[in-house]
Amino acid sequence: MLQNTILLDVLNHKPVSRPPIWIMRQAGRILPEYRAIRGSLSGFKELVQTPSLAAEVTVQPVDRLGVDAAIIFSDILVIPECMGLDYNLVEKVGPIFPKTIESEADIDKLGFGESAASSLEYVFDALSHTKKALDNRVPLIGFSGAPWTLMCYMIEGKGSKTFSKAKAMLYKEPQLSHKLLSKLTDTIIAYLKLKVAAGADVLQIFDSWAGVLNKELYNEFCIPYLQRILKELDDIVPTILFSKGAYFALSDLNKCGSTALGVDWTLSMKHVRQAIGDYKILQGNMDPCVLYGSKESIALQVKKVIADVGKNHIFNLGHGVYPDTPLENVMHFVDSVKSNTYE
Ligand code: CP3
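In short, a report on the structure. (Residues numbered from 1 in each chain as written. Predicted model: local features only at pLDDT ≥ 70, side-chain atom pairs only at ≥ 80, totals over all residues. Heavy atoms only, no water.)

### A word on the overall build of the chain
Piece 1. Counting its regular elements, the chain contains 17 helices and nine strands.
Piece 2. Taking all 343 residues of the chain together, 59% fall into the buried category.
Piece 3. The contacts of the chain with a sequence gap of at least 6 include a subset with a gap of at least 24, amounting to 74%.
Piece 4. Carbon and sulfur atoms form 52% of the exposed surface of the chain, whose accessible area is close to 14,200 Å².
Piece 5. Here the chain carries 36 positive and 38 negative side-chain charges, and the mean point of each set is 3 Å from the other. (Helix = DSSP H or I, 4+ residues; strand = E, 2+ residues; numbered from the N terminus. Buried < 20%, exposed > 50% of the residue type's maximum accessible area, 1.4 Å probe, protein only. Contact = heavy atoms within 4.5 Å. Areas by Shrake-Rupley, 256 points an atom, 1.4 Å probe, with all protein chains shown as cover. Lys, Arg positive; Asp, Glu negative; His and termini not counted. Charge placed at Lys NZ, Arg CZ, Asp CG, Glu CD.)

Next comes the structure, spelled out in structure tokens:
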């Protein structure tokens, strides 16, 4: 039996005394113990592909920060990899794909679905190792990139401010875009189900590049695929859908079928609550940059988010924690959230 059930309680609409907290990118460079392990290896991929070490860095923030959940240390880019598009993570540059998708033949060559996803044994082994190491202290979150966000990297081959090459494909080759998004969706569904089989208690979907689209494109190329994924996971585990920058799609996202909706730091929780009502569980959304400020201002901003959102809330930042954030401020942030009890 799980000892700390506060995250699952909120996701199951059970009463809680305070919001649960975890932090996007908590398993990573803010922790010196992460940097020590990472520094002893050949690179990021060695860490991602070594289940015992991935499990170790997954548990680190639970030990150090006292967060209410662990998120498996991995990356969204393992999906393109299992479909046949390898990636490298280059220091100070980011992800680089030696090969990208340029034609229909490239899409036809991609593996997909269960057979592609099941090749990611190191991910599922990392989850099993982590479950043992956590010893039922907190739940374990599994995750995937959303189809659109993964398509961005597969077309562009690297990070981008605009992802204009991937967007251009939506306009120039809508049918091919649907073909690729559909293959990605089949793979993501199989992958997330295997993650649950390996021990994930909750799943989050990251649509990190939603914000480069508009309502029309989002409705055509994202919402139907997200709905398909969430429908397949319904009744299996609770889900959190985080579409960064998709304020134009708020009401559509609300109806997509996730248990909770992640909110980024550009929106006011008050506004989101007014737009979609009290029932939906909202996750977020303190600006990660608040953590560069004083301890007093961190505590104040925590209170403000809680006042704006009300109950049915999972505390988190509005995007991942930045690597150079002072660790003591992150610790103070978690303690501040945990000291705010509901009336
Ligand atoms: O949240 C966690 O602590 C779990 C681990 C996690 C990582 N990546 C580890 C990582 C998660 C959930 C991700 C998701 C991810 N990866 C996203 C979606 C989330 C978001 O922030 O919007 C995206 C877009 C990626 C792609 C990716 N991976 C990029 C752009 C980069 C380089 C830039 C960066 O953010 O560091 C990575 C590398 C990466 N993934 C690191 C970590 C800890 C840094 C690797 C290192 O040098 O140690």
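### A look at the pattern of salt bridges
Piece 1. Using the criterion set out here, one finds 15 salt bridges in the structure.
Piece 2. Of the charged contacts, one joins arginine 38 and glutamate 91 as a salt bridge, the two residues approaching to 3.1 Å between their closest N and O atoms. Within this pair, whereas arginine 38 is found in helix H2 (residues 32-39), its partner glutamate 91 is found in the loop between strand E2 (88-90) and strand E3 (94-96), the two being separated by 53 residues in sequence.
Piece 3. Overall, the relative accessible area of 17% leaves arginine 38 in the buried class.
Piece 4. A salt bridge links aspartate 201 to lysine 131; the shortest N-O distance between them is 2.8 Å. You can see aspartate 201 sitting in the loop between helix H11 (174-197) and strand E5 (202-207) and its partner lysine 131 sitting in helix H8 (residues 121-134), a full 70 residues away along the chain.
Piece 5. Taken together, the shared-partner salt bridges in this structure form one network comprising Lys45, Glu81 and Asp86. (Salt bridge = Lys/Arg side-chain N within 4 Å of Asp/Glu carboxyl O.)

### A short note on the site of the ligand
Piece 1. Neighbouring the ligand are 20 residues, the closest being Arg29, Tyr34, Asp75, Ser208 and His319.
Piece 2. Arginine 38 is positioned with one of its side-chain polar atoms (N or O) 2.9 Å from an oxygen atom of the ligand.
Piece 3. Coverage of the ligand by the protein amounts to 89% of the 870 Å² it exposes when considered alone.
Piece 4. When atom positions are compared with the pocket grids, the ligand is found to occupy the largest pocket.
Piece 5. Grouping the constituent residues of the shell around the ligand by class yields twelve nonpolar, four polar and four charged. (Near = heavy atom within 4 Å. Polar contact = N/O pair within 3.5 Å; in protein donor to acceptor, adjacent residues only side chain to side chain. 1 Å grid on protein atoms, 1.4 Å probe; cavity = no way out; pocket = protein on both sides within 12 Å on 5 of 7 lines; lining within 4 Å. Sits in = over half its atoms within 2 Å of the grid points. Nonpolar A, V, L, I, M, F, W, Y, C, P; charged D, E, K, R; others polar.)

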